[in-house]
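Structural characterization, general
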Amino acid sequence: MIQNLDTRLNKLQTQCDYLRRKISAFPEGELSIQKNGSYQRWIIRKEEQSVYCPKSNRSLAEIMALKKYYSLLLLEAEEEFSLLSSYKKISSSQSRSRKLSSSDLLEESSPYYELLQSHFAKDKLPVSMQKWCAESYETNSSHPENLIHTTLAGHKVRSKSEVIIANLLYTNHIPYRYEAALALNELTVYPDFTILHPTTQQFFYWEHFGMMDKNNYCDAACNKLKSYCYNGIYPSMQLITTYETGKVPIRSEQVQQIITQYFL
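Report follows, based on the coordinates. Every chain is numbered independently, its residues counted from 1 as its sequence is written. Only residues with pLDDT of at least 70 are given local features in this predicted model, and only at 80 or more are side-chain atom pairs given and counted; all residues enter the totals for whole chains, interfaces and linings. Excluded from the side-chain calculation are hydrogens and water; included are all heavy atoms of the structure.

The subject of this paragraph is the overall build of the protein chain. Every helix listed is a DSSP run of H or I at least four residues long, and every strand listed is a run of E at least two residues long, numbered separately from the N terminus. Per the secondary structure count, the protein chain includes eight helices and 11 strands. Partly exposed describes any residue whose relative accessible area lies between the buried limit of under 20% and the exposed limit of over 50%, with all areas from a 1.4 Å probe on protein chains only and scaled to the type maximum. Counting only residues that meet the buried cut, the protein chain has 34% of its 264 residues in that class. Considering only contacts within the protein chain whose residues lie at least 6 apart along the sequence, 53% involve residues at least 24 apart. Surface exposure of the protein chain reaches about 16,800 Å², of which carbon and sulfur atoms provide 53%. We call two residues in contact whenever any of their non-hydrogen atoms come within 4.5 Å of each other. Note on areas: these come from Shrake-Rupley sampling with a 1.4 Å probe, and a residue is covered only by the protein chains present in the view.

Laid out in structure tokens, this is it:
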């Protein structure tokens, strides 16, 4: 977020510098157009003096109109630069003053991350569930190069959002499998998470759709949901779904609420 903000501020600064140089090369004064019905008068204002620009001097009027355009463009750029600079200061201040949260410690970049792994050990699960977690299963073999994020349980997943879900399932001692094959009649899908309810032993499936602001991705997500429904697996029943866009990422608090609702 801050990086994008800095990029925009740099562009605005460059634009302002360019416009100031352009404007300094124009004649003094500001063009004003007075209308009286269909008739227009061109007036060039210099400090407290106003000078009439005759229609025969259209070239001057055009130059002064261009100057006015650049001047307004500069004003808009300066206003945006000022607002974004203020927002950056406030955001930086809030970021520095924000208290450390439990979810911060579960971030891959956190120095606490590795230390927490042993605390949330699999032996806190019943033996039958430990066995289920340990069994081999068919996984999604598509694009293994995208499995670049490591969870507390040591699994490789495809996104930071999946890390959040996996870690909170793990720390809440909810047994799960990542991208395990699921046969839906003639179609095989790979839910992000296949979850064994710790009390009822019922299976749940969790799909996280992380790029819903991209049209092709959104279409594919909707088709996948249809496949689940056509095979008797319904959202908010056996199927848990979460969504995010580039502007609205998933939050740890949201994931924890879902886990509490379904499994605790």
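This is not the end of the story, as more comes after the structure.
Expected span of a helix, by definition, is 1.5 Å for each gap between consecutive residues, and there is one gap fewer than residues. Compared with an ideal rise of 1.5 Å per residue, which puts 12 residues at 16 Å, helix H8 (residues 252–263) spans 16 Å between its outermost C-alpha atoms and is within 8% of the ideal. Considered for burial, the residues of H8 that qualify are Ser-252, Val-255, Ile-258, Ile-259, Tyr-262 and Phe-263. The arc that holds the buried residues of H8, viewed along the axis, is 125 degrees, so those residues lie on one side. Away from the buried face of H8 by more than 90 degrees, exposed residues Gln-257 and Gln-261 are located. In this description, the arc belongs to the directions extending from the helix axis to the C-beta atoms.

Time to look at the sheet that holds strand E9 (residues 193–196). Two strands are counted as paired when DSSP detects at least two bridges linking them. The strand order E6-E9-E10-E11 describes an open sheet built from four strands, whose pairing is mixed. Sheet topology places strand E6 (176–178) and strand E11 (239–243) at the edges, where each strand pairs with a single neighbour. Averaged over all neighbouring strand pairs, the angle between strand axes comes to 20 degrees, with direction disregarded. Across the sheet, helix H7 (residues 215–230) touches strand E10 (203–209) and E11, and the angle it forms with E10 is around 165 degrees. Comment: axis = line fitted to C-alpha atoms, over the contacting stretch for helices; angle = value between 0 and 180 degrees taken between N-to-C directions.

Side-chain pairs of opposite charge can arise whenever the charged atoms involved come near each other. The salt bridge definition used is simple: a Lys or Arg side-chain nitrogen within 4 Å of an Asp or Glu carboxyl oxygen. In this structure the tally under the stated criterion is nine salt bridges. Measuring nitrogen to oxygen at the nearest pair gives 2.7 Å for the salt bridge that ties Glu-30 to Lys-68. Residue Glu-30 is found in strand E1 (residues 30–36), and its partner Lys-68 is found in helix H2 (residues 58–97); the two are separated by 38 residues along the sequence. Among the ionic pairs, Arg-251 bridges to Glu-253, the shortest N-O distance being 3.8 Å.

With that settled, the discussion passes to the packing of aromatic side chains. Pairs of aromatic rings are described using the distance from one ring centre to the other and the angle between the two planes. Only Phe, Tyr and Trp rings take part, Trp by its six-membered ring, and two of them pair if their centres are within 6.5 Å. Stacked means planes under 30 degrees apart, edge-to-face means over 60, and tilted covers everything else. Using the criterion set out here, one finds nine aromatic pairs in the structure. Centroid distance Phe-204 to Phe-263: 5.3 Å. Interplanar angle 85 degrees. Geometry classified as edge-to-face. Pair noted here: Phe-204 is in strand E10 and Phe-263 is in helix H8, with a separation of 59 residues, a long-range link. Linked through ring pairs, Phe-26, Tyr-69 and Tyr-70 together constitute an aromatic cluster. The aromatic ring of Trp-42 is capped on one face by Lys-55, whose charged end is 4.9 Å from the ring centroid. The rule is short: NZ of Lys or CZ of Arg within 6 Å of the ring centre and within 35 degrees of the ring normal puts a charge over the ring.

Taken in spatial order, the three strands line up as E1-E2-E3 in an open sheet, and their pairing is antiparallel. The strands lining the two open edges of the sheet, one partner per strand, are E1 and strand E3 (49–53). This sheet shows a mean twist of 35 degrees between the axes of neighbouring strands, independent of strand direction. Bridge analysis of E1 against strand E2 (residues 39–46) gives seven bridges, and the strand direction is antiparallel. By the bridge assignment for E2, Ser-32 is matched with Ile-43.

Compared with an ideal rise of 1.5 Å per residue, which puts 16 residues at 22 Å, H7 spans 23 Å between its outermost C-alpha atoms and is within 8% of the ideal. Three or more residues of H7 are buried, namely Ala-221, Leu-225, Ser-227 and Tyr-228. Down the axis of H7, the buried set is contained in an arc of 155 degrees. They therefore lie on one face. Summarising the geometry of H7, the exposed residues directed more than 90 degrees from the buried face are Asn-215, Asn-216 and Tyr-230. Where H7 is buried, its residues meet strand E7 (182–184), strand E8 (187–189), E10 and E11. Taken from the residues just after H7, Gly-232 is the one with a positive phi, measuring 80 degrees.

So, on to the nonpolar core. Counting residues in each nonpolar core, the largest one holds 25 residues, and the members touching the most others are Leu-169, Phe-193, Ile-195 and Trp-206. Of all elements in the fold, only helix H6 (160–171), E6, E9, E10 and H8 reach the threshold of two or more residues within this core. Of all the elements, H6 adds the most residues to this core, at seven residues. Those residues in contact with Phe-193 that lie beyond four places of it in its chain are Glu-162, Ile-165, Ala-166, Leu-169, Tyr-176, Arg-177, Tyr-178, Phe-204, Tyr-205 and Trp-206. Residues belong to one nonpolar core when they are buried, are Ala, Val, Leu, Ile, Met, Phe, Trp, Tyr or Cys, and are joined through side-chain atoms within 4.5 Å. With 11 residues, the next largest nonpolar core counts Leu-5, Leu-9, Leu-12 and Leu-19 among its residues.

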